[in-house]
Amino acid sequence: MKSVLVCIIIVTAEACGAFAQATKPSVTPVPEGFTSDGCSLFPEGDYHDCCVQHDLVYFSGGSWKSRWRADDQFRRCVGDKKGFVHKPLSLMMWIGVRIGGVPWLSTPFRWGFGKSSLGQ
């Protein structure tokens, strides 16, 4: 009987630990010199937090796959907001960042925009 009770306690503790790890939000560390203009050239809304998080990833740049993931995460973030307008809005914003965020444009919101602002 004791061994069954011990097993139940261990399984419960492991399940709680796994749940806590699975629900822990991922936080991107803020690099030195980071700035955000919010939702670049787009009206601010209840999705502002998605725009700042997207800028945070765009600041440092990286591979084309990283940019694709960042833009997809941005689309999902906006699309997951409450209200029917957010799904189509997220697609419009995604198209905007795919076109306007290319690294070879000299825009202040392009992929890797922080490298130039820090003199890199």
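A short tour of the structure in this document, coming up. Keep in mind the model is a prediction, meaning the values are calculated, not measured.

1. Here's the deal with the overall build of the protein
Next up, step 1: Secondary structure summary: the protein contains five helices and zero strands in total.
Next up, step 2: For the protein, the α and β elements follow one another from N to C terminus as α-α-α-α-α.
Next up, step 3: Here the protein holds 120 residues, and the buried ones make up 29% of them.
Next up, step 4: Taking the intrachain contacts of the protein between residues at least 6 apart in sequence as the baseline, contacts between residues at least 24 apart amount to 59%.
Next up, step 5: Accessible surface computed for the protein: about 8300 Å², of which carbon and sulfur atoms make up 67%.

2. Regarding the state of the cysteines
Next up, step 1: According to the stated counting rule, one finds two disulfides in the structure shown.
Next up, step 2: Covalent S-S linkage joins C39 and C51, the inter-sulfur distance amounting to 1.9 Å. Here the S-S torsion is close to 95°, and the disulfide linking C39 with C51 is therefore right-handed. Of the two residues, C39 sits in the loop between helix 1 (2–23) and helix 2 (48–60) while C51 sits in helix 2, which places them twelve residues apart along the sequence. C51 carries the same exposure label as C39, and that label is buried.

3. Quick look at helix 3 (residues 64–79)
Next up, step 1: Its 16 residues place the ends of helix 3 22 Å apart at the C-alpha level, agreeing with the 22 Å of an ideal helix rising 1.5 Å per residue.
Next up, step 2: For helix 3, the set of buried residues is R67, A70, D71, F74, V78 and G79. Projection of helix 3 onto a plane perpendicular to its axis shows the buried side chains occupying an angular sector of 165°, all on one side.
Next up, step 3: Looking at the buried positions of helix 3, the neighbouring elements they touch are helix 2 and helix 4 (86–100).

4. What about helix 2?
Next up, step 1: Every buried residue belonging to helix 2 is among C50, C51, H54, D55, L56, Y58 and F59, and all of these are buried.
Next up, step 2: Note on helix 2: the residue one or two positions beyond its end, G61, has a positive phi of about 75°.

5. A word on the packing of helix 3 against helix 4
Next up, step 1: Packing of helix 3 against helix 4 leaves a shortest axis separation of 8 Å and a crossing angle of 155°. With respect to helix 4, the element helix 3 is oriented roughly antiparallel. As helix 3 packs across helix 4, the resulting crossing turns out to be right-handed. On helix 4, the residues touching R67, W68, D71, D72, F74, R75, V78 and G79 of helix 3 are H86, K87, S90, M93, W94, V97, R98 and I99.
Next up, step 2: Of the residues belonging to the contact of helix 3 with helix 4, the class tally is seven nonpolar, three polar and six charged.

Reading the values: rules and limits
Along each chain, the written sequence defines residue order, and numbers are assigned to residues from 1. Note on the predicted model: pLDDT of at least 70 is required for a residue's local features to be given, and 80 or more for side-chain atom pairs to be given and counted; whole-chain, interface and lining totals, by contrast, use all residues. Excluded from the side-chain calculations are hydrogens and water; all other atoms, namely the structure's heavy atoms, are used. In this text, helices come from DSSP runs of H or I with a minimum length of four residues, and strands from runs of E with a minimum of two, each type numbered from the N-terminal end. Buried residues are those whose accessible area, probed at 1.4 Å on protein chains only, stays under 20% of the maximum for their type, while exposed residues exceed 50% and partly exposed ones sit between those limits. A contact between two residues is defined here by any heavy atoms of the two lying within 4.5 Å. Methods summary: accessible areas were calculated by the Shrake-Rupley approach with a probe of 1.4 Å, and residue burial reflects only the protein chains presented. Disulfide: a pair of cysteine sulfur atoms within 2.5 Å of each other. Helix span, expected: 1.5 Å multiplied by one less than the number of residues in the helix. Taking the helix axis as origin, the arc is that swept by the directions to the C-beta atoms. Axis definition: a line fitted to C-alpha atoms, over the contacting stretch in the case of helices. Angles run 0 to 180 degrees between N-to-C directions. Here the word oblique covers every angle except those under 35 degrees (roughly parallel), over 145 (roughly antiparallel) and from 65 to 115 (roughly perpendicular). Two helices cross in a left-handed way if the nearer one is turned anticlockwise from the farther one by less than a right angle. They cross in a right-handed way if the turn is clockwise. Gly is placed with the polar residues, together with every amino acid not listed as nonpolar (Ala, Val, Leu, Ile, Met, Phe, Trp, Tyr, Cys and Pro) or charged (Asp, Glu, Lys and Arg).

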